[in-house]
Amino acid sequence: MADGSLDDPAPSARNLEAWSRHLGYRVEDAVHLREYLAAGPTLPAAFGSVARRYPNHPALTVDELTLTHAEVELAAHQMAADLQRLGVRSGTGVVVVADTDMAVMLAYLGALRSGVVTTFAHRSSTASELADVVGAVNAKYVLATGESLGRLSEASVGVRTIGLKDSDRESIQSLPGDALANPERVSVPTDPDSTAIVAFTSGSTGKPKPVPLSHRNLLTSIRGAMSAWRWSASDRLVHSLPIGHQHGLGGIHAALLSGSHTIVLPRFDTARLITTVDSENATVLFAVPAIYDRMLSEAPDQLHRFAALRLMISGSAPLPPDVAVDVEEMTGQMPLERYGSTEAGLDVSNPYDGPRLPGTVGLPLPGVEMALIDPAGRLVDDGDTGEVVLRGPQVFGGYGGGEDQPFVAGWFRTGDLAVVDPPTGYLRLLGRTKEVIITGGMNVYPSEVERALRDVAGVIDAAVIGTPSRRWGEAVTAFVVMRGGTSADVAAALESRLAPFKRPKAIIELEAIPRTRMGKLRRESLESWAKENSRATDV
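Trainee: Kindly report on the pattern of salt bridges, identifying the contributing residues and their values.
Mentor: Applying the stated criterion to the full structure yields 20 salt bridges. The partner of Asp421 in a salt bridge is Arg428, and the shortest N-O contact between them spans 3.5 Å. Judged by relative accessible area, which is 18%, Asp421 ranks as buried. Given a relative accessible area of 26%, Arg428 falls into the partly exposed group. The structure contains a network of salt bridges with shared partners spanning Glu17, Arg26 and Glu28.

And the structure:
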């Protein structure tokens, strides 16, 4: 049965039990735990405290350049002073173009220390995309390096652009080191509820929304995950994720909050990632499902070199169960799949001490309250489909830009549909509320059909959407990437896997499924394709 009520101010017994499972001890004092996770100070103040405890520990390595915690702290402090001398003031909006470069990381950390509000733009953004980001957050400055400076010039964004390296003088004259600032005059921001960054939703199903995140939001989220995942100062994390995305950025925060070491590769390359994990004696790997799939395809005989990892994290997109099982077979360890959102950070995770169940994202992390509700806002029973709602200090306060606010009774409505499996209590995601296909009056969840498609021999990727149908209202339409076989073979295989109303009315072969940089499906691209090719053959 559903546990508790949305109006209850205290965490439910189920959430307390989940926190206890993650932490390895019984949580009875929810208030104390929450106070620990949500305590200040601000991010830069917390980083500084850790740097004083672990000054000589390696902190960050980027493209073979390594800085200790003391060196990162000093460089961020000097960067903050330089930015202030260049006119950047506390509360000002700054866009950082997130090339994977130590100078960019230090620019971000210096901006945090300056008290400015940081927004990341991806390093491959076009001139028009950069202009859109700058305009959306009303930024006054852009910090960038390399080729990004040229695109900024093309964008004519009308803000002051600051290059981050001496080599940028060919494109721009304004560099932080020219400021000749006095770092002694820099004061660390003290309000943990002030905005640290403005992130954007992925935009995989619509226009990205600006998401203001406070220092407290970010600290609470990563602290909860680090507690559950047994993070320590001796950990060495390797990843090749964009630092402007919270998955990659979280790896930097984890190092600076624990005294540990994070190694960031400039871009994903199968051979280099495997070699780095091995040579650095890494203990933790952050990756997205597409990376695990690529490694299985390109270097399965090398994955035994991951045996020393104590933890492999998968996030940002659903991890196909067959990929999870194959990784476990090759490495001896099941990837730990977790679930989060831009608005609420890291929320749900398979337990560190297991079991880790393929196809599920586990239990709410310490400090995160989770429930499932029906369209009327009522709690649903285990085994019934509902929308995931979240509450806690890691949840943002609301969208910027005049957007409609996604809250009910103080809980954040994620828009994700899921079920809690009765035997385990683990969360299993089904898709987005806006993605449910209503065909002939029946509800079909794309993720269920996608899982069935991936189980068919020859199908290496799949995506499912609903397309307009005069007969059905919406028709279940599948897109597949195949190695051998035909769409007719796939249709025949699904007859024993899915009820008739769930089976695709059309199966369309593509060379690749359109996805975001983090592996999320670009559903609108498939919808546009289907609209333009409405004569797709029915199955």
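Trainee: Tell me what's going on with the packing of helix 4 (residues 69–85) against helix 5 (residues 102–114), and back it up with residues and numbers.
Mentor: Helix-helix packing is characterised by the crossing angle of the two axes and by the distance between the axes. Closest axis-to-axis distance for the helix 4/helix 5 pair is 7 Å, and the angle between their directions is 65°. The angle between helix 4 and helix 5 falls in the class roughly perpendicular. Crossing hand, helix 4 versus helix 5: right-handed. Residue-level contacts link Val72, Glu73, Ala75, Ala76, His77, Met79, Ala80, Leu83 and Gln84 of helix 4 to Ala103, Leu106, Ala107, Leu109, Gly110, Ala111, Arg113 and Ser114 of helix 5.

Trainee: So what about the sheet that holds strand 14 (residues 345–349)? Which residues, and what values?
Mentor: On the basis of which strands lie adjacent, the open sheet formed by nine strands has the order 2-1-10-9-11-12-13-14-15 and mixed pairing. Each of the sheet's edge strands pairs with one partner strand only, and the pair in question is strand 2 (65–68) and strand 15 (363–364). Bridging between strand 9 (residues 236–239) and strand 11 (residues 284–287) involves two bridges; their strand directions are parallel. Note on strand 11: the bridge partner recorded for Val238 is Leu285.

Rules of the game
Residues numbered from 1 in each chain as written. Predicted model: local features only at pLDDT ≥ 70, side-chain atom pairs only at ≥ 80, totals over all residues. Heavy atoms only, no water. Salt bridge = Lys/Arg side-chain N within 4 Å of Asp/Glu carboxyl O. Buried < 20%, exposed > 50% of the residue type's maximum accessible area, 1.4 Å probe, protein only. Axes fitted to C-alpha atoms, helices over the stretch in contact; angles between N-to-C directions. Helix = DSSP H or I, 4+ residues; strand = E, 2+ residues; numbered from the N terminus. Parallel < 35°, antiparallel > 145°, perpendicular 65-115°, else oblique. Left-handed = near helix turned anticlockwise from the far one by under 90°. Contact = heavy atoms within 4.5 Å. Pairing = 2+ DSSP bridges.

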